[in-house]
Amino acid sequence: MGPLEKAIREISPLNEKVMRAARERQDSLTKPRGSLGRLEELSIRVAGMRGELVPRLRRKAIVVMAADHGVVAEGVSLYPQEVTAQMVQNFLCGGAGINVLACLVGARVVVVDMGVAGELEPHSALVSKKVALGTRNMMRGPAMSRAEAINAIEAGLEIVAQEFEKGLDIIGTGDMGIGNTTPSSAITAATTGELVAWVTGRGTGIGDKQLTHKVRVIEEALKVNQPNPRDGLDVLAKVGGFEIGGLVGVMIGAAAHHIPIVIDGFISGAAALIATRMAPNLGDFLIAAHVSTERGHRLALKHL
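Residues numbered from 1 in each chain as written. Predicted model: local features only at pLDDT ≥ 70, side-chain atom pairs only at ≥ 80, totals over all residues. Heavy atoms only, no water.

Student: Which residues make up the pattern of salt bridges, and what values go with them?
Tutor: Under the criterion given, the structure shown has 15 salt bridges. Here K238 and D234 are joined by a salt bridge, their closest N and O atoms 3.3 Å apart. Here D234 and K238 lie together in helix α10 (residues 232-239), a separation of 4 residues that amounts to about one turn. Shared partners join several salt bridges into a network, and the residues in it are R50, R59 and D169. (Salt bridge = Lys/Arg side-chain N within 4 Å of Asp/Glu carboxyl O. Helix = DSSP H or I, 4+ residues; strand = E, 2+ residues; numbered from the N terminus.)

Student: An account of the side chain of N99 is requested, with residue identities and associated values reported.
Tutor: Topologically, N99 is positioned in helix α5 (residues 97-105). A polar contact of 2.9 Å, which involves the side chain of N99, links it to the backbone nitrogen of A96. Dropping the residues within four chain positions of it, N99 is found in contact with N90, F91, G94 and V109. (Polar contact = N/O pair within 3.5 Å; in protein donor to acceptor, adjacent residues only side chain to side chain. Contact = heavy atoms within 4.5 Å.)

Student: Describe the packing of helix α11 (residues 242-256) against helix α12 (residues 266-278), and please don't skip the residues or the numbers.
Tutor: Packed helices, taken two at a time, are described by the angle their axes make and the gap between the axes. Interaxial distance between α11 and α12 falls to 8 Å at its minimum, and their mutual angle equals 55°. Looking at the two axes, α11 sits oblique to α12. Crossing handedness for the pair α11 and α12: right-handed. The residues of α12 that touch α11, namely those facing I244, L247, V248 and M251, are I267, S268, A271, A272, I274, A275 and M278. Its residues placed into classes, the contact of α11 with α12 shows 10 nonpolar, 1 polar and no charged. (Axes fitted to C-alpha atoms, helices over the stretch in contact; angles between N-to-C directions. Parallel < 35°, antiparallel > 145°, perpendicular 65-115°, else oblique. Left-handed = near helix turned anticlockwise from the far one by under 90°. Nonpolar A, V, L, I, M, F, W, Y, C, P; charged D, E, K, R; others polar.)

Student: Let's hear about the environment of V199: which residues, and what values?
Tutor: Mapped onto the secondary structure, V199 falls in helix α8 (residues 196-199). In this structure V199 comes out as buried when scored by relative accessible area, which is 0%. Once the C-alpha coordinates of V199 and G296 are considered, the two residues, 97 residues apart in sequence, prove to be 3.7 Å apart. When residues no more than four places from it in sequence are discounted, the contact partners of V199 are S185, T188, A189, E194, F266, R295, G296 and L299. (Buried < 20%, exposed > 50% of the residue type's maximum accessible area, 1.4 Å probe, protein only.)

Student: Residue-level account of the nonpolar core, with values.
Tutor: In terms of nonpolar packing, the biggest core is built from 75 residues, with I171, M251, I252, I261 and L282 touching the most fellow members. Considering each element in turn, this core owes the most residues, 10 residues, to α11. Non-local contacts of I252, meaning those with residues more than four positions away in its chain, are made with L4, A7, I8, I11, I153, L157 and L282. V83, F91, A107 and V116 belong to the second largest nonpolar core, which has 17 residues in total. (Core = buried A, V, L, I, M, F, W, Y, C linked by side-chain atoms within 4.5 Å.)

Student: Describe in detail the environment of A132, supporting the description with residues and values.
Tutor: When you line up the elements, A132 lands in the loop between β3 (126-128) and α6 (146-166). The class of A132 is partly exposed, set by a relative accessible area of 22%. On a C-alpha basis, the gap between A132 and A152 in space is 9.8 Å, while along the polypeptide they are 20 residues apart. Ignoring anything within four residues of it in the chain, the contact list for A132 reads M114, G115, V116, E148 and F242.

Student: Account for unusual backbone geometry, with residues named and values stated.
Tutor: Excluding glycine, a negative phi dihedral is what most residues carry, and trans is how most peptide bonds are arranged. Non-glycine residue Q226 carries a positive phi angle of around 50°. Note that Q226 resides in the loop between α9 (208-225) and α10. Of the residues examined, Q226 reaches a relative accessible area of 54% and is grouped as exposed. Phi is positive for H258, close to 60°, though the residue is something other than glycine. Residue position: H258 is located in the loop between α11 and β5 (261-263). For H258, a relative accessible area of 29% translates into the label partly exposed.

Student: Lay out the environment of G167 with the relevant residues and their values.
Tutor: Relative to the elements of secondary structure, G167 occurs in the loop between α6 and β4 (170-176). Taking the C-alpha atoms as reference, G167 lies 9.4 Å from A61; in sequence the two are 106 residues apart. Excluding anything up to four places from it in sequence, G167 contacts R59 and R108.

Student: Account for the state of the cysteines, with residues named and values stated.
Tutor: Taken as a whole and assessed by the stated rule, the structure comprises 0 disulfides. The thiol of C93 is not disulfide-bonded; the next cysteine sulfur, from C103, is found 16 Å away. When its relative accessible area of 63% is taken as the criterion, C103 is described as exposed. (Disulfide = S-S within 2.5 Å.)

Student: Can you explain the packing of helix α7 (residues 181-192) against α12? Please cite residues and give values.
Tutor: In the contact formed by α7 and α12, the axes pass within 9 Å of each other and the chain directions differ by 35°. Our pair here, α7 against α12, has a crossing hand that is left-handed. Contacts between α7 and α12 involve T181, S184, S185, I187, T188, T191 and T192 from the first element and F266, I267, A270, L273, I274 and R277 from the second. Residues that form the contact of α7 with α12 fall into these classes: 6 nonpolar, 6 polar and 1 charged.

The values reported here are purely geometric and, on their own, carry no functional implication.
In structure tokens form, the structure reads like this:
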């Protein structure tokens, strides 16, 4: 049994006994029942995830995975591919928004090169799990091989295992990759059955003409590759990205360790669609941080 199959088998449902006790504890506190709303429900769910009546979420990590996408050659983004590497350097220097927010909540930021199109300078804070120098152009054929997709997922498993050894109570997922709303839209359309036009947004702010072109590129990619919606690994290989695969692995690995997973925006949502195809129980461990302006994100979360 490989590490991926083993991790999937180790994902169990939420601990219902602990959740009942957590609800009784909430109802015994000096406040009106249910007065904390969704926060109260979340606390009960986290207790079920951790298997602890009063879980302590002190040790926190945010995994930011970066990779490039061959489909950028089709003109689906406002920015050139080189921006991915530039943003990775910004993460490493502590200059990005995620660095500031992580500092505020006491979380360590783990920056991972999953497939940036170019060799990055070595840095003590950079983890290299590079599968290849970016994916291939999914409009012309599969974005990656099935073996590469497995490698990407298993890299995510390895990251979680390393962070777990340091101490980990909760994990967040993040991403960087110019053009990665395009594969995310393709994944969302393929797994949910929604029309491409309904799940495709403006990404970094493209105009109407470029948006129409982006929809056509995704439609052609799905036509060329015919991903199997019931096979998450097939969807990832044909229209995904290396950072998306890495995030799938992070989610599977975290759920196997009973660690709550806070998912970020649309790219993390697309990764979650694949992860839950591969491991249905994993959905119990996901906490959505927000709904982005990308139209596909709301549909992905609704589907999840």
